[in-house]
Amino acid sequence: MSSPVSLIPLADTQECAENLLQAAETLGFVYITLEGSDIPPEKVERMFEISKKFFASPKEEKAKYHISPDNRGWSSMHTEILDPEHQRRGDFKEAFNLGEFKDGKAQQPLPLALQDHESELNEFSDYCYNLCLKLLRLFGTALKINETEGGKEWFTSRHSRSEGPSGSILRLLFYPNISAHPDFDPKLDTRAGAHSDYGSITLLFQRPSEPGLEILHPYSKTWHPVPVVSNAILVNIGDLLSYWTAGLLRSTVHRVVTPDSGPEGPKDRYSMAFFCHPSYPTLLTPIPSEIIRSRGEGGANDAERTLTSLDHLKSRLSSAYGWKSDPA
């Protein structure tokens, strides 16, 4: 199956930086090679094993760790509504959100199925965070941010853990086989409603032969399936980075649907996402880039007031869950 999303071999080069910028401007989605990510393939597979173990645990156990306004914990079936304008009930999926770790320790209670894997979860979260810094560094290079303003480290300095906590989340996701759920109603249910992501960059890890992701093409306004590419990570731009870059980088709407059954019939779908956010106090001020000033369309460049990273996150979580309190 062909894909509208291009594949870029990740490397610390000007050519790679420019290719990433072009992909982020046109579609907002790009595959990067796992080889260039510094994430060992066996670590990805191990995380899928841990995820599967958690979601197989009793519902009563998972319910003890139900998601709270800090955006951490278990999101049960029909809890999250990503497309409130069109959805009549919540997404047909489960998820578990892991916030940032400190000194190798989770800053939230862990369910029994995850307690013995705290160090592995921390390690994988670090892998993802470091990859996001690499991508942000490449964007800083491609946008030619003045060296006196921070140059290629402009974004990374604002995503530094030394600047305080952020909304970054490692999310384990489970889309159950609909044939095992007689309550699935195609008129009411969608696996994940149409939405764009909240933060700066999202890393999506998928398993072979478990498709379902679709993107709304920004030009044709039609839905396109995005197949799983072996040994690759799907990267997409989030709303915050799009706003921050005055709309130059595109945050594209996407959803997860129930694909046509293959020869094996319907099956479970597992995925993992790492949502990277700047530190909470970060001001989303105009970025010192002539490329953004000349080609951007709005966002932070003409906002009536300067938002912080935390302000931006609170508004999005309130829409998805109806929360009113701070996630901090």
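Residues numbered from 1 in each chain as written. Predicted model: local features only at pLDDT ≥ 70, side-chain atom pairs only at ≥ 80, totals over all residues. Heavy atoms only, no water.

- As recorded in an unreviewed UniProt entry, the protein chain goes by Clavaminate synthase-like protein and comes from Choiromyces venosus 120613-1.
- What UniProt records for the protein chain under Sequence similarities (unreviewed entry) is the sentence "Belongs to the iron/ascorbate-dependent oxidoreductase family." (UniProt positions renumbered as here; feature names shortened; annotations may be inferred.)

## Some details on the packing of helix 1 (residues 14–26) against helix 5 (residues 118–142)
Then, in step 1: For the pair helix 1 and helix 5, interaxial distance at closest approach is 8 Å and the crossing angle is 90°. Viewed along their axes, helix 1 and helix 5 adopt a mutual orientation that is roughly perpendicular. Between helix 1, through Gln 14, Cys 16, Ala 17, Glu 18, Leu 20, Leu 21 and Ala 24, and helix 5, the contact on the second element is made entirely by Leu 135, Leu 138, Phe 139, Thr 141 and Ala 142.
Then, in step 2: Grouping the amino acids of the contact of helix 1 with helix 5 by side-chain chemistry returns nine nonpolar, two polar and one charged. (Axes fitted to C-alpha atoms, helices over the stretch in contact; angles between N-to-C directions. Helix = DSSP H or I, 4+ residues; strand = E, 2+ residues; numbered from the N terminus. Parallel < 35°, antiparallel > 145°, perpendicular 65-115°, else oblique. Contact = heavy atoms within 4.5 Å. Nonpolar A, V, L, I, M, F, W, Y, C, P; charged D, E, K, R; others polar.)

## What about the sheet that holds strand 9 (residues 201–206)?
Then, in step 1: Spatially, eight strands are ordered 1-2-12-9-14-7-4-3 in an open sheet, and the strand pairing comes out mixed. For this open sheet the edge positions go to strand 1 (7–8) and strand 3 (73–75), each flanked by a neighbour on one side alone.
Then, in step 2: Looking at chain direction, strand 2 (residues 29–33) and strand 12 (residues 232–237) are connected through five bridges and run antiparallel. Bridge pairing links Val 30 to Val 235 in strand 12.
Then, in step 3: Its contacts with the sheet put helix 1 on strand 1, strand 2 and strand 12, and the angle it makes with strand 2 is roughly 150°.
Then, in step 4: Running over the sheet, helix 5 touches strand 2, strand 4 (94–98), strand 7 (169–175), strand 9, strand 12 and strand 14 (269–276) and is turned about 130° from strand 9. (Pairing = 2+ DSSP bridges.)

## Brief notes about helix 1
Then, in step 1: Its 13 residues give helix 1 an end-to-end C-alpha distance of 18 Å, which sits within 8% of 18 Å, the value for a rise of 1.5 Å per residue.
Then, in step 2: Restricting attention to buried positions, one finds in helix 1 the residues Cys 16, Ala 17, Leu 20, Leu 21, Ala 23, Ala 24 and Glu 25.
Then, in step 3: Of the surrounding elements, those touching the buried residues of helix 1 are strand 1, strand 2, helix 5, strand 12 and helix 8 (290–295). (Expected span 1.5 Å × (residues − 1). Buried < 20%, exposed > 50% of the residue type's maximum accessible area, 1.4 Å probe, protein only.)

## Structural notes on the side chain of Thr 156
Then, in step 1: Structurally, Thr 156 is set in helix 6 (residues 154–158).
Then, in step 2: The exposure class of Thr 156 is buried, given its relative accessible area of 7%.
Then, in step 3: Each residue touching Thr 156, except ones within four places of it in the same chain, is listed here: Leu 133, Leu 136 and Arg 137.

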